[in-house]
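Tertiary structure, described
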Amino acid sequence: MPKPLSDSGRKNLISDRLIELRKRHGLSQRDLARELQILGCDMDKNVITRIETQKRYVTDIEIQKICEVFHVTFEDLIQ
């Protein structure tokens, strides 16, 4: 069964906001991956790139960890 896409064909709703938050906090993709790894989320720079370029879906657990890194709510992340 194919995975759902948004009306615009996007694979996730957080890519633009993730880029914005990452840059606002002065983190490179590698820095963000390291922070997520510390929280137990197995991601590397390539995964962050694929999320930001809409080539990868994001799991609920990954969203939770991203919210923890940036101290934002789920609602803040998907806006």
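As the structure is a computational prediction, the values presented were derived from the model and not from experiment. (Residues numbered from 1 in each chain as written. Predicted model: local features only at pLDDT ≥ 70, side-chain atom pairs only at ≥ 80, totals over all residues. Heavy atoms only, no water.)

**Examining the nonpolar core**
- Grouped together as the largest cluster of nonpolar side chains are 20 residues, with contacts concentrated most on Leu 32, Leu 36, Met 43, Ile 51, Ile 66, Phe 70 and Leu 77.
- Those elements that provide at least two residues to this core are α1 (15–24), α2 (29–38), α3 (45–52) and α4 (60–70).
- Sort the elements by how many residues they give to this core and α4 lands first, with five residues.
- When near neighbours in sequence (up to four residues on either side) are disregarded, Ile 66 contacts Ile 14, Leu 18, Leu 36 and Leu 77. (Core = buried A, V, L, I, M, F, W, Y, C linked by side-chain atoms within 4.5 Å. Buried < 20%, exposed > 50% of the residue type's maximum accessible area, 1.4 Å probe, protein only. Helix = DSSP H or I, 4+ residues; strand = E, 2+ residues; numbered from the N terminus. Contact = heavy atoms within 4.5 Å.)

**Points about a nonpolar patch on the surface**
- A surface patch of nonpolar side chains, about 260 Å² in accessible area, is lined by Leu 13, Phe 74 and Ile 78.
- Mapped onto the secondary structure, Phe 74 falls in helix α5 (residues 74–78).
- A relative accessible area of 39% places Phe 74 in the partly exposed class. (Patch = residues over 30% accessible without salt bridge, like charges linked within 9 Å, V, L, I, M, F, W, Y side chains within 5 Å. Areas by Shrake-Rupley, 256 points an atom, 1.4 Å probe, with all protein chains shown as cover. Salt bridge = Lys/Arg side-chain N within 4 Å of Asp/Glu carboxyl O.)

**Quick word on α1**
- For α1, every residue scored as buried is listed here: Ser 15, Arg 17, Leu 18, Leu 21 and Arg 22. Along the axis of α1, the buried residues cluster in a sector spanning 160 degrees; they form a single face. In α1, those exposed residues whose orientation departs by more than 90 degrees from the buried face are Lys 23 and Arg 24.
- Buried residues in α1 make contact with α2, α3, α4 and α5.
- After α1 finishes, the residue Gly 26 shows a positive phi value of roughly 70 degrees. (Arc of directions from axis to C-beta.)

**Some thoughts on the packing of α2 against α3**
- The interhelical angle for the contact between α2 and α3, taken along N-to-C directions, is 110 degrees, at an axis separation of 8 Å. As the angle between them shows, α2 and α3 are arranged roughly perpendicular. Pair α2 / α3 crosses with right-handed handedness. Here α2 contributes Gln 29, Arg 30, Leu 32, Ala 33 and Leu 36 to the contact with α3, which in turn contributes Lys 45, Ile 48, Thr 49 and Glu 52.
- In terms of residue class, the contact of α2 with α3 is made up of four nonpolar, two polar and three charged. (Axes fitted to C-alpha atoms, helices over the stretch in contact; angles between N-to-C directions. Parallel < 35°, antiparallel > 145°, perpendicular 65-115°, else oblique. Left-handed = near helix turned anticlockwise from the far one by under 90°. Nonpolar A, V, L, I, M, F, W, Y, C, P; charged D, E, K, R; others polar.)

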